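Summary of structural features
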Amino acid sequence: PAIPLTGPEPRTARKQAPRRCTVAERHYERGLDELSKDRLSQALADLDQAIAQNPRNAEYYAARGLALLRDGWEADAEQDFAQALRLDATQWLAHYGRGMLAFKEGDFTAALDHFSRAQRLAPQRPEIYVYRAASFFRAGNPREAIADVEVALTLFEPRDRRREQAGQWLEIFRRAASRQPPARE
């Protein structure tokens, strides 16, 4: 079955206590909102404005990289992920985006490396574990995939739609693991 692999859900200030936002933050939040609605050209326009207002913010580049990746602009996405990491080597979203790009290209070893870096920086983000699990699975290691999805299921909020998708992945990984010979000690 085709179960989608999805990226991070945007978290905007609207879900938090009201506060004053800079112009860059307003563009960033609106860009994330547009991205969540798959209105990519509007999202990119707002993310471009956020970067123009604050070109030293690594997260803005990482978010624009995700939008570019979703829109099929892999080379441009990689440039934004690289810029984000030049500005802030601990920008988990840029590592996550690079993992998505490597996964899309079929380079599961690189994907595992990038998702593992993102996981070390943001261990409470369940989507990292799900994508890393898919990478383990595609690399031929369904047992590691199971372990990551089980962690993700403990981290997703109960009503998060991605929780059900992760449960479906878990069943696929378990079936695959049951067909593998036992691991040698």
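Here, the structure is the one placed above.
In this report, the structure presented in the accompanying data block is examined. (Residues numbered from 1 in each chain as written. Predicted model: local features only at pLDDT ≥ 70, side-chain atom pairs only at ≥ 80, totals over all residues. Heavy atoms only, no water.)

1. Digging into the overall build of the chain
The helix and strand inventory of the chain stands at 9 helices and 0 strands. Moving toward the C terminus, one meets the helices and strands of the chain in the order α-α-α-α-α-α-α-α-α. Considering the chain as a whole, with its 185 residues, one finds that 49% of them fall into the buried category. Once local pairs closer than 6 in sequence are excluded, the contacts in the chain between residues at least 24 apart make up 53%. (Helix = DSSP H or I, 4+ residues; strand = E, 2+ residues; numbered from the N terminus. Buried < 20%, exposed > 50% of the residue type's maximum accessible area, 1.4 Å probe, protein only. Contact = heavy atoms within 4.5 Å.)

2. Observations concerning the nonpolar core
Tyr28, Trp92, Tyr96, Met100, Phe115 and Ile128 are the most contacted members of the largest nonpolar core, which has 39 residues in total. Breaking this core down by element, the ones donating at least two residues are α1 (23-36), α2 (40-53), α3 (58-70), α4 (74-87), α5 (92-104), α6 (108-121) and α7 (126-138). Among the elements that line this core, the one with the most residues is α3, at 9 residues. Leu112, Val130, Ala133 and Phe136 belong to the second largest nonpolar core, which has 17 residues in total. (Core = buried A, V, L, I, M, F, W, Y, C linked by side-chain atoms within 4.5 Å.)

3. Describing the side chain of aspartate 160
Summarising the element assignment, aspartate 160 is placed in the loop between α8 (142-155) and α9 (161-178). Polar contacts involving the side chain of aspartate 160 include one to the side chain of arginine 162, which spans 2.7 Å. (Polar contact = N/O pair within 3.5 Å; in protein donor to acceptor, adjacent residues only side chain to side chain.)

4. A few points about the side chain of glutamine 91
By secondary structure assignment, the location of glutamine 91 is in the loop between α4 and α5. Under the relative-accessibility criterion, glutamine 91 is labelled buried at 8%. Here glutamine 91 is in contact with Ala58, Glu59, Ala62, Ala84, Leu85 and Leu121, once residues within four sequence places are set aside.

5. What to know about the pattern of salt bridges
Scanning all chains against the criterion turns up 15 salt bridges. Residues aspartate 46 and arginine 30 are paired through a salt bridge, measuring 2.8 Å at the closest nitrogen-oxygen approach. In this pair, aspartate 46 is assigned in helix α2 and arginine 30 in helix α1, connecting sequence segments 16 residues apart. By relative accessible area, which is 8% here, aspartate 46 ends up buried. A relative accessible area of 43% places arginine 30 in the partly exposed class. Taken together, the shared-partner salt bridges in this structure form one network comprising Arg125, Glu127, Asp160 and Arg162. (Salt bridge = Lys/Arg side-chain N within 4 Å of Asp/Glu carboxyl O.)

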